[in-house]
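Chain by chain, the residues:
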Amino acid sequence: MPVLSVLDLSPVVEGGDAARALSESARLAQTAEQAGYRRFWLAEHHNMPGIASAATAVAIGHVAGKTRTIRVGAGGIMLPNHAPLMVAEAFGTLAALYPDRIDLGLGRAPGTDGPTARALRRYFDGADRFPQDVLELQGYLAPAVEGQRVAAWPGQGSNVPLWLLGSSLFSAELAAQLGLPFAFASHFAPELLLQALRTYREGFRPSAALAEPYAMAVINVFAADTTAEARRLATSMQMAFANVVRGTPGRLKPPVDDITAVLNDAERAAVASRLTYAAIGDGETVGRSLRDFQALTGVEEIMVTGMIHDVEARLRSLEITADAGR
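Computed from a predicted structure; not experimentally measured. (Residues numbered from 1 in each chain as written. Predicted model: local features only at pLDDT ≥ 70, side-chain atom pairs only at ≥ 80, totals over all residues. Heavy atoms only, no water.)

Some remarks on the overall build of the protein
Helix and strand counts for the protein come out as twelve helices and nine strands. The C-alpha radius of gyration computed for the protein amounts to 19 Å, which stays within 12% of the reference 20 Å derived for 326 residues, consistent with globular compactness. On the principal axes, the C-alpha backbone points of the protein span a range of 65 × 40 × 35 Å. Every one of the 326 residues in the protein was classed for burial, and the buried ones make up 53%. When the accessible surface of the protein is summed, it comes to about 13,900 Å², and 52% of that surface belongs to carbon and sulfur atoms. (Helix = DSSP H or I, 4+ residues; strand = E, 2+ residues; numbered from the N terminus. Rg over C-alpha atoms; globule rule 2.2 N^0.38 Å. Buried < 20%, exposed > 50% of the residue type's maximum accessible area, 1.4 Å probe, protein only. Areas by Shrake-Rupley, 256 points an atom, 1.4 Å probe, with all protein chains shown as cover.)

Some details on the environment of phenylalanine 241
Relative to the helices and strands, phenylalanine 241 is located in helix α9 (residues 227-246). By relative accessible area, which is 9% here, phenylalanine 241 ends up buried. Phenylalanine 241 sits 33 residues away from arginine 274 along the chain, and the two C-alpha atoms are 8.0 Å apart. Beyond its immediate stretch of four places on either side in the chain, phenylalanine 241 contacts His187, Phe188, Val271, Arg274 and Leu275. (Contact = heavy atoms within 4.5 Å.)

Looking at the nonpolar core
Formed by 100 residues in total, the largest nonpolar core has its most connected members in Tyr37, Leu104 and Leu106. In contact with leucine 106, other than residues within four places in its own chain, are Ile77, Leu79, Phe130, Val134, Leu137, Leu162, Trp163, Leu164 and Leu165. (Core = buried A, V, L, I, M, F, W, Y, C linked by side-chain atoms within 4.5 Å.)

Remarks on the packing of helix α6 (residues 130-141) against helix α7 (residues 170-178)
Between α6 and α7, the shortest axis-to-axis distance is 11 Å and the interhelical angle comes to 40 degrees. Viewed along their axes, α6 and α7 adopt a mutual orientation that is oblique. With respect to the hand of their crossing, α6 and α7 are arranged in right-handed fashion. Where α6 abuts α7, its residues Phe130, Pro131, Val134 and Leu135 lie against Phe170, Ser171, Leu174 and Leu178. Residue composition of the contact of α6 with α7, by class: seven nonpolar, one polar and no charged. (Axes fitted to C-alpha atoms, helices over the stretch in contact; angles between N-to-C directions. Parallel < 35°, antiparallel > 145°, perpendicular 65-115°, else oblique. Left-handed = near helix turned anticlockwise from the far one by under 90°. Nonpolar A, V, L, I, M, F, W, Y, C, P; charged D, E, K, R; others polar.)

Structural notes on the pairing of strand β7 (residues 215-223)
Along β7, nine of the nine residues are buried, which leaves the element largely enclosed by surrounding structure. Side chains Ala215, Ala217, Ile219, Val221 and Ala223 project from β7 onto one buried face, and the interleaved Met216, Val218, Asn220 and Phe222 project onto a second face that is buried too. Where strand β6 (residues 182-184) meets β7, three bridges bridge the pair, whose relative direction is parallel. In the sheet register, alanine 183 faces β7, and the bridge partner there is methionine 216. Relative to strand β8 (residues 278-281), β7 is paired through four bridges, and the arrangement is parallel. Residue pairing for β8: valine 221 is matched across the bridge by alanine 279. (Pairing = 2+ DSSP bridges.)

Observations regarding the packing of helix α1 (residues 18-35) against helix α2 (residues 56-65)
One way to put it is that α1 packs onto α2 with a least axis distance of 9 Å and a crossing angle of 50 degrees. By the criterion of interaxial angle, the relationship of α1 to α2 is oblique. The two elements α1 and α2 meet at a crossing, and its hand is right-handed. Residues Leu22, Ser23, Ser25, Ala26 and Ala29 of α1 pack against Ala59, His62 and Val63 of α2. Considering only residue class, the contact of α1 with α2 consists of five nonpolar, three polar and no charged.

Brief notes about the pairing of strand β2 (residues 39-42)
The side chains of a regular strand alternate between both faces of the sheet. Of the two faces of β2, the one lined by Arg39 and Trp41 and the one lined by Phe40 and Leu42 are each fully buried. Direction of pairing for strand β1 (residues 3-8) relative to β2: parallel, over a ladder of three bridges. Looking at β2, one finds that valine 6 is bridged to phenylalanine 40. Taken together, β1, α1 and β2 form a β-α-β motif whose crossover is right-handed. With four bridges connecting them, β2 and strand β3 (residues 71-78) associate as parallel partners. Following the sheet pairing, phenylalanine 40 is matched in β3 by valine 72. (Right-handed = clockwise from strand over helix to strand, strands pointing away.)

Some words on the side chain of threonine 31
When you line up the elements, threonine 31 lands in helix α1. Residue contacts for threonine 31: discarding those within four places in its chain leaves Leu315, Leu318 and Glu319.

Quick look at unusual backbone geometry
Residue glycine 76 follows glycine 75 across a cis peptide bond; omega there is 5 degrees. Tracing the backbone through its elements, the reader meets glycine 76 in strand β3. In this chain, tryptophan 153 is followed by proline 154 through a cis amide linkage whose omega measures -5 degrees. Within the element layout of this structure, proline 154 appears in the loop between α6 and β5 (162-166). Residues other than glycine seldom take positive phi values, yet serine 10 does so here, at roughly 45 degrees. Locating serine 10 in the fold gives a position in the loop between β1 and α1. On the basis of relative accessibility, which here comes to 0%, the residue serine 10 falls in the buried class.

Take a look at the structure:
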């Protein structure tokens, strides 16, 4: 079994708020640390009432401060939304506070809808500059060179590890060209997973950062003591995906006993497509699904995610998954 890590969206549940969501994310990270997961990442999304990690660097600092050893990072920062210098300063600060524990995953999408991307001011100009911005950011995190007029303080010389994230072939090609680790968002965009991994591995060029390709893929995991309970827990994320498809994202709903009572046939089909790669069941079932996923993809690391309404059930899911992966 490959290394396991965690992706968290800091879900805001119905009846809860952002303060509760961020507190629960810290508890989740503490459980992940105790269970032996390698890293805990938070994702940048905007205009999403059910996600509390929009200010991702701030959320990372909160989680890193509540843990001791697990790597904490961004999965990811949507770089076109930000000036590379400011990203370097933010993550240089995190690296100064939590040495050798911070990761910086970079995405090219806006992490939101069109009107919100326009409200962010920078995205539509920045998306076309993504490769150049990655190189600029690398320069700010590397040791300063003679004659460099602009430096990131803190940040310069921190060498915060960069990852490229993607749901298409673009970032796979760029990660290969730059010799960076690559993570694929197969938890919501599964269609190009295998092609992207092949593109990354075949085009990889060794770099100072990485001698050989290193790939990670994300899978939805809902683990419980019984498969029936795991399937019930997964209905919260099914409803969340359906709301995104409808264009009406909201807070995470409690699970339901019968998903057919709340989603129609077309919505269930759309949700099933997004959940192509999912491990849902008891420990034995989840362990088998993870082994099958690793055999299919050949990735060096699997990142698990899964928005579960009840925090105790989320913690239990992580524990069962860790045991299943041993």
